[in-house]
Amino acid sequence: MMSEISRNGATGGGQAGRIGIGLELDEIHMKILEVLRENGRISVAALAERVGISRANAYTRFEALRADGAIKRFTAEIDHVRTGLGITALIFVTVRQQMWKQFRAELARMPEVEYCAITTGQHDAMIQVRVSDVAAVHTMVTDRLANIPAVKATETVFILDEVLKRPYVLPSDRDQAARAQRRPAPETQGDVPLGKMRFVGAAEGRAALRKDT
């Protein structure tokens with residue numbers, strides 16, 4: 001498993017960029033990252049086969065990605081509904097500019113917070129929380145965030161469905177999409193693509209039959 005082949009043997013992946021070797025990523029590195037995105041527990045032998053390189057090369061390149069910090073750590077992706085956290089909400093926060101330090105400290109003490117980013121625009125930060133029910137979001141916003149002096153205002157949006165979620169994106173994704181768009185259009189028969197269905201009105205169908213006879 002990729003999480004077991006590191007020299008330090010740590011499943012968590014060690015410290016990001018602990019060597020800082022200044023690795024220049026090439027096409028092979030990107031292919032390795034594409035494969036790991038699908039299965040982070042893949043063996044070195046299977047990784048080498050998928051990428052089309054030797055096992056030794058795959059191991060060396062994987063370790064280089066870890067040493068440079070391109071791969072930060074390995075983790076598990078869970079089903080939040082199964083674990084009892086079926087409600088997800090985004091909370092946009094306006095922060096009093098002189099109190100950022102307090103805001104960060106208070107946020108770190110909130111276990112419901114999965115993600116926080118500093119943003120541009122109307123608000124200063126976006127917080128993503130996962131909780132058990134809507135009441136928990138209400139309590140967090142009105143009883144906890146509202147009582148933090150650093151918080152000036154909030155706006156809450158509930159997520160109804162997470163349509164798309166990728167572990168990470170790569171520059172090569174854009175290149176693959178561009179190649180797919182350049183593929184030739186499917187052959188057509190008349191004005192209808194092959195493999196598609198075209199419905200013909202009854203009068204038009206009878207007229208065509210009379211022409212054939």
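Residues numbered from 1 in each chain as written. Predicted model: local features only at pLDDT ≥ 70, side-chain atom pairs only at ≥ 80, totals over all residues. Heavy atoms only, no water.

Attention shifts here to helix α1 (residues 27–38). Given a rise of 1.5 Å per residue, 12 residues ought to cover 16 Å, and the 17 Å separating the end C-alpha atoms of α1 matches this to within 8%. Listed as buried for α1 are Ile28, His29, Met30, Ile32, Leu33, Glu34, Val35 and Leu36. Residues of α1 that are buried in the fold lie against α2 (44–51), α3 (55–68) and α6 (171–181). With a side-chain oxygen positioned 3.1 Å from the backbone nitrogen of isoleucine 28, the residue opening α1 is aspartate 26. (Helix = DSSP H or I, 4+ residues; strand = E, 2+ residues; numbered from the N terminus. Expected span 1.5 Å × (residues − 1). Buried < 20%, exposed > 50% of the residue type's maximum accessible area, 1.4 Å probe, protein only. Contact = heavy atoms within 4.5 Å. Polar contact = N/O pair within 3.5 Å; in protein donor to acceptor, adjacent residues only side chain to side chain.)

Under the criterion given, the structure shown has nine salt bridges. In this structure, the salt-bridge partner of arginine 130 is glutamate 114, at a minimum N-O distance of 2.8 Å. Highlighted residues: arginine 130 in strand β3 (residues 125–131) and glutamate 114 in strand β2 (residues 113–118), separated in sequence by 16 residues. When its relative accessible area of 37% is taken as the criterion, glutamate 114 is described as partly exposed. The residue glutamate 162 makes a salt bridge to arginine 130 at a minimum N-O spacing of 2.9 Å. Of this pair, glutamate 162 sits in the loop between β4 (151–158) and α6 while arginine 130 sits in strand β3, and the two are 32 residues apart along the sequence. Judged by relative accessible area, arginine 130 falls into the buried class, the value being 6%. Each member of the salt-bridge network shares a partner with another, and the members are Glu114, Arg130 and Glu162. (Salt bridge = Lys/Arg side-chain N within 4 Å of Asp/Glu carboxyl O.)

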